[in-house]
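# Commentary on secondary and tertiary structure
The residues making up each chain are set out below.
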Amino acid sequence: MLARDAVYPRRVFERAIEALLKIAAFSSIVITVGIIAVLMMEMVQFFQEVSLWDFLTGREWTPLFSNKKFGVLPLFAGTAITSIIAMIVALPLGLMSAIYLSEYAKESVRSVVKPILEILAAVPTVVYGYFALQLVTPLLQRFIPSLSGFNALSPGIVMGIMILPIISSLSEDALRAVPHSLREGSYALGASRWQMVFSVAVPAALSGIVSAFLLGVSRAIGETMIVAIAAGLQPRFTLNPLVPIETVTSYIVQVSMGDTPTDSLEYRTIFAVGMTLFLAAFMLNVLGAWLQNRFREVYE
Amino acid sequence: MNNVYHNLHDPWWVRRASGIDQVVKYLGILSIGVGVVVLAVLTGQAVLQGLPRLHAEFFTSFPSRVAAQAGILSAWVGTIWVVVLCACMSVPLGIMTAIYLEEYSGKRLLSRILEINIANLAGVPSIIYGLLGLGLFVRFLSFGRSVLAGAATLALLILPIVILATREALRAVPHSLREGSYALGASRWQTMWHQVLPAAFPSVLTGIILAVSRAVGETAPLIMIGALTYVAFLPQSVRDPFTVLPIQIFNWVSRPQQAFAANAAAGVVVLLGITLIINAGAIWLRQRYRQKI
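Only a predicted model underlies this, so the values are computations on that prediction, with no experimental measurement involved.

What follows covers the overall build of chain A. Secondary structure assignment for chain A yields 13 helices and zero strands. Secondary structure elements of chain A, listed N to C terminal, follow the sequence α-α-α-α-α-α-α-α-α-α-α-α-α. Computed over the C-alpha atoms, the radius of gyration of chain A is 24 Å, more than 25% above the 19 Å expected from 2.2 N^0.38 for a compact globule of 300 residues. The long-range fraction of contacts in chain A, counting pairs at least 24 apart against all pairs at least 6 apart in sequence, stands at 70%. Summing over all exposed atoms, chain A offers an accessible surface of approximately 13,300 Å²; the carbon and sulfur share of this is 66%.

Attention shifts here to the overall build of chain B. Tallying secondary structure elements over chain B gives twelve helices and zero strands in all. Its helices and strands taken in sequence order, chain B reads α-α-α-α-α-α-α-α-α-α-α-α from the N to the C terminus. A compact globule built from 293 residues should have a C-alpha radius of gyration of about 19 Å, whereas chain B, at 25 Å, is more than 25% larger. Dimensions along the principal axes, computed over C-alpha positions, put chain B at roughly 85 × 65 × 35 Å. Expressed as a percentage of the 293 residues in chain B, the buried residues total 52%. Restricting the contact set of chain B to residue pairs at least 6 apart, pairs at least 24 apart contribute 73%. Carbon and sulfur atoms make up 67% of the accessible area of chain B, which totals about 13,200 Å². Computing the positive centroid from 21 side-chain charges and the negative centroid from 10, chain B places the two 5 Å apart.

A few words on the interface of chain A and chain B. For an interface, size is often stated in terms of accessible area lost upon the parts coming together. Across the boundary between the two partners, chain A contributes 79 residues, which contact 77 residues of chain B. A buried area of about 7,000 Å², summed over both sides, lies between chain A and chain B, and 77% of it is on carbon and sulfur atoms. The three residues of chain A that bury the most area against chain B are Leu21(A), Tyr130(A) and Trp194(A), which together make up 10% of that side's buried surface. Along the contact surface separating chain A from chain B lie two salt bridges. Across the pair Glu42(A) and Arg139(B) runs a salt bridge, and its minimum N-O distance is 3.0 Å. The interface formed by chain A and chain B holds twelve residue pairs in polar contact (both at pLDDT 80 or more) in total. The residue makeup of the side of chain A that touches chain B, split by class, is 54 nonpolar, 17 polar and eight charged.

A few words now on the pattern of salt bridges. All names here are of chain A. A complete count under the given rule lists 17 salt bridges over all chains for this structure. Among the salt bridges present, the one from Lys 69 reaches Glu 60, with a minimum N-O distance of 3.5 Å. Linking Glu 103 and Arg 183 is a salt bridge whose minimum nitrogen-to-oxygen distance equals 2.6 Å. Of this pair, Glu 103 sits in helix α4 (residues 73–104) while Arg 183 sits in helix α8 (residues 180–188), placing them 80 residues apart in sequence.

The end-to-end C-alpha distance of α4(A), which contains 32 residues, comes to 44 Å, matching closely the 46 Å that a straight helix rising 1.5 Å per residue would cover. Counting buried residues along α4(A), 24 of its 32 residues qualify, which places the element largely inside the surrounding structure.

Turning to the state of the cysteines, a few remarks are in order. Enumeration according to the criterion identifies zero disulfides over all chains in this entry. The thiol of Cys86(B) is unpaired, and the distance to the nearest cysteine sulfur, on Cys88(B), comes to 8.9 Å.

Within this structure, the stated rule accounts for eleven aromatic pairs over all chains. Aromatic pair Trp189(B) and Trp193(B): ring centres 5.8 Å apart, planes at 25°, arrangement stacked. Here Trp193(B) and Trp189(B) lie together in helix α9 (residues 188–217), a separation of four residues that amounts to about one turn. Here Arg193(A) stacks its cationic end above the ring of Tyr104(A), 5.4 Å away from the centre of that ring. Against the face of Phe260(B) rests Arg255(B), its NZ or CZ located 4.3 Å from the ring centre.

Residue and element names in this part refer to chain A. A surface patch of nonpolar side chains, amounting to about 350 Å² of accessible area, comprises Leu 279, Phe 282, Met 283 and Val 286. For Val 286, the location among the structural elements is in helix α13 (residues 265–299). Val 286 sits in the partly exposed class, given a relative accessible area of 36%.

Residue and element names in this part refer to chain B. This model, assessed by the stated rule, comprises one cavity of 30 Å³ or more. Of the volumes computed, that of the largest cavity is approximately 40 Å³. Lining the largest cavity are Tyr 100, Ser 105, Arg 108, Leu 110, Ser 111 and Leu 114. Here the lining of the largest cavity gets three residues from one element, more than from any other, and that element is helix α5 (residues 109–123).

Residue and element names in this part refer to chain B. The space that makes up the second largest pocket amounts to roughly 370 Å³. Lining the second largest pocket we find 21 residues, and of these Glu 102, Glu 103, Tyr 104, His 175 and Arg 178 sit closest to its centre. Of all the elements in the fold, those that place two or more residues in the lining of the second largest pocket are α4 (73–104), α7 (147–172), α8 (175–183) and α9.

On to the confidence of the model for chain B, then. All names here are of chain B. Summary statistics for chain B give a mean pLDDT of 84 and a share of 92% for residues scoring 70 or more. The model gives residues 1–6 a pLDDT under 50, and that stretch makes zero contacts with residues more than four places away or in other chains. The complex prediction reports pTM at 0.87, with the ipTM value standing at 0.86.

All names here are of chain B. In this structure, Ser 142 is a non-glycine residue whose phi angle is positive, near 40°. By the secondary structure assignment, Ser 142 is in the loop between α6 (126–140) and α7. Since its relative accessible area comes to 48%, Ser 142 is described here as partly exposed.

Moving on, we come to the environment of Ala46(B). The topology assignment puts Ala46(B) in helix α2 (residues 12–50). Along the sequence, Ala46(B) and Ala227(B) sit 181 residues apart, while their C-alpha atoms lie 25 Å from each other. The contact partners of Ala46(B), leaving out residues within four places of it in the chain, are Tyr130(A), Leu51(B), Ala265(B), Val268(B) and Val269(B).

Core analysis: the biggest nonpolar cluster contains 177 residues, and Ile35(A), Ile163(A), Ile270(A), Val273(A), Ile128(B) and Tyr129(B) have the highest contact counts within it. Sequence-distant contacts of Val273(A), that is, excluding residues within four places in its chain, are made with Phe55(A), Trp61(A), Val72(A), Leu75(A), Val248(A), Tyr251(A) and Ile252(A).

Cut-offs and rules
- Residues numbered from 1 in each chain as written.
- Chains lettered and ligands numbered in written order.
- Predicted model: local features only at pLDDT ≥ 70, side-chain atom pairs only at ≥ 80, totals over all residues.
- Heavy atoms only, no water.
- Helix = DSSP H or I, 4+ residues; strand = E, 2+ residues; numbered from the N terminus.
- Rg over C-alpha atoms; globule rule 2.2 N^0.38 Å.
- Contact = heavy atoms within 4.5 Å.
- Areas by Shrake-Rupley, 256 points an atom, 1.4 Å probe, with all protein chains shown as cover.
- Buried < 20%, exposed > 50% of the residue type's maximum accessible area, 1.4 Å probe, protein only.
- Lys, Arg positive; Asp, Glu negative; His and termini not counted.
- Charge placed at Lys NZ, Arg CZ, Asp CG, Glu CD.
- Buried area = accessible area lost by both parts, 1.4 Å probe.
- Salt bridge = Lys/Arg side-chain N within 4 Å of Asp/Glu carboxyl O.
- Polar contact = N/O pair within 3.5 Å; in protein donor to acceptor, adjacent residues only side chain to side chain.
- Nonpolar A, V, L, I, M, F, W, Y, C, P; charged D, E, K, R; others polar.
- Expected span 1.5 Å × (residues − 1).
- Disulfide = S-S within 2.5 Å.
- Phe/Tyr/Trp six-rings, centres within 6.5 Å; stacked < 30°, edge-to-face > 60°.
- Lys NZ or Arg CZ within 6 Å of the ring centre and 35° of its normal.
- Patch = residues over 30% accessible without salt bridge, like charges linked within 9 Å, V, L, I, M, F, W, Y side chains within 5 Å.
- 1 Å grid on protein atoms, 1.4 Å probe; cavity = no way out; pocket = protein on both sides within 12 Å on 5 of 7 lines; lining within 4 Å.
- Points joined across faces, edges and corners; volume = space filled by probe spheres on them.
- pLDDT = per-residue confidence, 0-100.
- Core = buried A, V, L, I, M, F, W, Y, C linked by side-chain atoms within 4.5 Å.

Rendered as structure tokens:
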């Protein structure tokens, strides 16, 4: 698009700008390579000392004790139970609010509610952690006396509230992308609004909703501060939500808070578990993005 | 009555239809209500518990072993250091990346790969950025456990957010503006600099503000790179150790004594206040700009 007769200095300047922008654009590739390289380097050294099989199938995780055991299953169990609780809270609430905002609410209501949900998503996670420990756990203990002070239930619920806006906003986008002709066709066949919503709009938006769910799960397994504050730091191979547990993320925090020497096996454990976390989140994101794109192509 | 007769012979789902619609509607309102109530209760609880500690000395004192004398001076000063430095690094880089992808690169395979990569980076858990910062900045580049390492880590973390927001903003600038500029003989960069960027500026700014708000609240990656929890001095240069507000809160929340919980609550009020003001500002800016278009 450059004018052919543009003066020479201007042309050089344009070329230089373009080259500069191109270099900047490649920074994101550098970051990705950096993440993988850093995780890989430490992880390879870790697996020279601990076998991959023991790591993935062991039921005891005691790298900080004198009797070291490197079975990662207790951490996976901790991440699983908190994430499951979070999704049990976030999915129905997020989906219902998306259906309400997209199909029932007036424009004036939407324009007020959406910013509030956005703010809910912007609250720093350390604040949610404080909330889980100081308010939600004591409240739950009134109803469940056997609940210990640190547990998976309370941070799970609070994490669900944190993820609610993500599910809601992504599902709402998916619902709003369903063409009006589909809705009108459904009404023309005599469906009432809820019949249209649940038999036409939601199924048509399903891949977008599933994608929202996957991105929510990816947020839940990566969430750190809420569980580090309120779930306790006790690796335990259980799905019991009432006892203290430890997740992959809160273990990483625990190690980096302590005085672990940087060239030790204990220190390398955080890169090994970090790699599993990275891979899990990466796969969920890729799958979610793929579903989202597929569904956009169908209706646009 | 005729009406009743018809109703009785309609199938059950037609008779119940409007009732179920009401139920679905109120379930939706209830779901949103849960979120709103949680936000309100959370704020209320923090204000109630933290208000007695929120006096001037709280902002001008260093942390202390005595809860009543402890303050957030080193925390908020550290937060400003880290966030300003982080923005200086990631905003220019993010905007340049977005301009390249949106205006220069076309639809080649390479730009597709870059796009997918950036979208994925935005979804990487923040603690992984902490591991990256620890491996890359603290150890490999030997920045140490300094303001510089913290800011660089957060800069990588918010870079995808800045890029995505800027691209969105550039995409919203109408093509006619660019074509008009080219028709008058402007070059590509002249068009960018004098027409497209000024037009996109408000939404770019909104995106940057939201990204910075994310950086203010991040805790886990900074714990990873070794921000301290007990800092009784202010950083004098970018190579100095530091703490930030969320880490100070985390430290107080983790202590068993109830007196420190009050400090944590006061810290939460401050942090929540900053976040709410920043976000409300960004939302306001966006609404204002939307009305203009």
